[in-house]
Amino acid sequence: MSEIILMSDARVAAVPVEENGEPLVDVRDHLLVDDRKHEDSLGAEVHLRRGVLDRLLRAQDLLPDGLRLLFVEGYRPPALQRHYFEQYADELRAAHPDWSADRTRSAASRYVSPPEIAPHSAGAAVDLTLTDADGRELDLGTALNANPEESDGACYTGADNITEEAKANRALLGAALSAAGLVNYPTEWWHWSYGDRYWALETGAPAALYGTKELERW
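Residues numbered from 1 in each chain as written. Predicted model: local features only at pLDDT ≥ 70, side-chain atom pairs only at ≥ 80, totals over all residues. Heavy atoms only, no water.

(A) Expanded view of the overall build of the protein chain. Tallying secondary structure elements over the protein chain gives seven helices and seven strands in all. Counting from the amino terminus, helix and strand elements in the protein chain follow one another as α-β-β-α-β-α-β-α-α-β-α-β-β-α. In summary, the protein chain has a C-alpha radius of gyration of 16 Å against a globular reference of 17 Å for 218 residues, a match within 12%. Along the first, second and third principal axes, the C-alpha atoms of the protein chain reach 50 × 40 × 35 Å. Looking at the 218 residues of the protein chain, the share that counts as buried comes to 53%. Carbon and sulfur atoms form 48% of the exposed surface of the protein chain, whose accessible area is close to 10100 Å². Positive and negative side-chain charges in the protein chain, numbering 21 and 38 respectively, have mean positions lying 3 Å apart. (Helix = DSSP H or I, 4+ residues; strand = E, 2+ residues; numbered from the N terminus. Rg over C-alpha atoms; globule rule 2.2 N^0.38 Å. Buried < 20%, exposed > 50% of the residue type's maximum accessible area, 1.4 Å probe, protein only. Areas by Shrake-Rupley, 256 points an atom, 1.4 Å probe, with all protein chains shown as cover. Lys, Arg positive; Asp, Glu negative; His and termini not counted. Charge placed at Lys NZ, Arg CZ, Asp CG, Glu CD.)

Structural data, given as structure tokens:
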């Protein structure tokens, strides 16, 4: 298995941002949207940068007949990102009081990006899965947003401890999204992004296209 670069890696933070000013747009007229994150995000989650949405639509066209993308979460306000990160880091600190601050931060970043570089807060990342033509979610091995502890690592995109059906479905999802120009965060099969620092590092782009974005309303 190739090296997994975590969001906490200094190489990610070192990528410069050349913000292109692209707006956040509402995806609900374009994609099948699930509302499981609505209570936390209060509607912010249905937004993405225009270039990311364009690539998701391209990916959907590449899926086999009868399959659709199910959009769960896009933009995440920075304050909510900080809350998620600190909440998970607190859980890890409680479970591993002997860990150093750096180790806790690194472990937390397997599941929630450090707030200062978070792709979701740039409107550059999406959490999504697949459904059939009737809207039923396919088996992708774990619940979307399962953390490494509760899933015994099965949330990692390349995990072996899932069924062959789940592996095949992950491969279908990955092939379409990769062909459309998005990159996966390999500790989360559902997390894909375009234009953020992680994408730039993975693709060799000289800079990220999107930086953290604050919205007063949406």
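(B) Representation of unusual backbone geometry in the model. Of note in the backbone geometry, Asn145 takes a positive phi value of approximately 80 degrees without being a glycine. Take Asn145: it is sitting in the loop between strand 5 (125–131) and helix 6 (164–179). A residue is classified by how much of its surface remains accessible, and Asn145, at 18% relative accessible area, is buried. The phi torsion at Asp152 lies on the positive side, around 55 degrees, for a residue other than glycine. As for its position among the elements, Asp152 is in the loop between strand 5 and helix 6.

(C) Highlighting the packing of helix 3 (residues 50–62) against helix 6. At their nearest, the axes of helix 3 and helix 6 sit 8 Å apart, and the two run at 130 degrees to each other. As far as their axial angle goes, helix 6 and helix 3 are oblique. Considering how the two elements wind past one another, helix 3 and helix 6 form a crossing that is right-handed. Seen from helix 3, the contacting residues are Leu56, Ala59 and Leu62; seen from helix 6, they are Ala176, Leu177 and Ala179. A class-by-class count of the residues in the contact of helix 3 with helix 6 yields six nonpolar, no polar and no charged. (Axes fitted to C-alpha atoms, helices over the stretch in contact; angles between N-to-C directions. Parallel < 35°, antiparallel > 145°, perpendicular 65-115°, else oblique. Left-handed = near helix turned anticlockwise from the far one by under 90°. Contact = heavy atoms within 4.5 Å. Nonpolar A, V, L, I, M, F, W, Y, C, P; charged D, E, K, R; others polar.)

(D) Geometry of the sheet that holds strand 4 (residues 68–73). Taking strand neighbours across the sheet as the criterion, the five strands line up as 2-4-5-7-6 in an open arrangement whose pairing is mixed. In this open sheet, the two strands that pair with only one neighbour each are strand 2 (32–33) and strand 6 (183–184). Relative to strand 7 (residues 191–193), strand 6 runs antiparallel, the two being bridged by two bridges. Bridge pairing links Val183 to Ser193 in strand 7. (Pairing = 2+ DSSP bridges.)

(E) Layout of the environment of Gly51. Within the fold, Gly51 resides in helix 3. For the pair Gly51 and Glu22, spaced 29 residues apart in sequence, the C-alpha to C-alpha distance is 7.7 Å. Those residues within four positions of Gly51 in sequence are excluded, and the remaining contacts are Glu22, Tyr194 and Tyr210.

(F) How the structure looks around the packing of aromatic side chains. Under the criterion given, the structure shown has four aromatic pairs. Between Tyr185 and Tyr198, the aromatic rings sit 5.1 Å apart at their centres with planes inclined by 85 degrees, giving edge-to-face as the arrangement. Within this pair, whereas Tyr185 is found in the loop between strand 6 and strand 7, its partner Tyr198 is found in helix 7 (residues 197–203), the two being separated by 13 residues in sequence. Tyr198 sits in the buried class, given a relative accessible area of 2%. Considering the side-chain rings of Tyr194 and Tyr210, the 6.3 Å spacing of their centres and the 65 degrees angle between planes classify their relative orientation as edge-to-face. Of this pair, Tyr194 sits in the loop between strand 7 and helix 7 while Tyr210 sits in the segment after helix 7, placing them 16 residues apart in sequence. Comparing Tyr194 with Tyr210 shows no difference in burial state: the two are buried. Aromatic ring contacts, followed pair by pair, group Tyr194, Trp199 and Tyr210 into a single cluster. (Phe/Tyr/Trp six-rings, centres within 6.5 Å; stacked < 30°, edge-to-face > 60°.)

(G) Summary view of the pattern of salt bridges. If you walk through the whole model with that rule in mind, you get eleven salt bridges. The salt bridge partner of Glu3 is Arg11, with a shortest N-O separation of 2.8 Å. Classification of Glu3 by relative accessible area gives exposed; the value is 56%. Taken together, the shared-partner salt bridges in this structure form one network comprising Glu3, Asp9 and Arg11. (Salt bridge = Lys/Arg side-chain N within 4 Å of Asp/Glu carboxyl O.)

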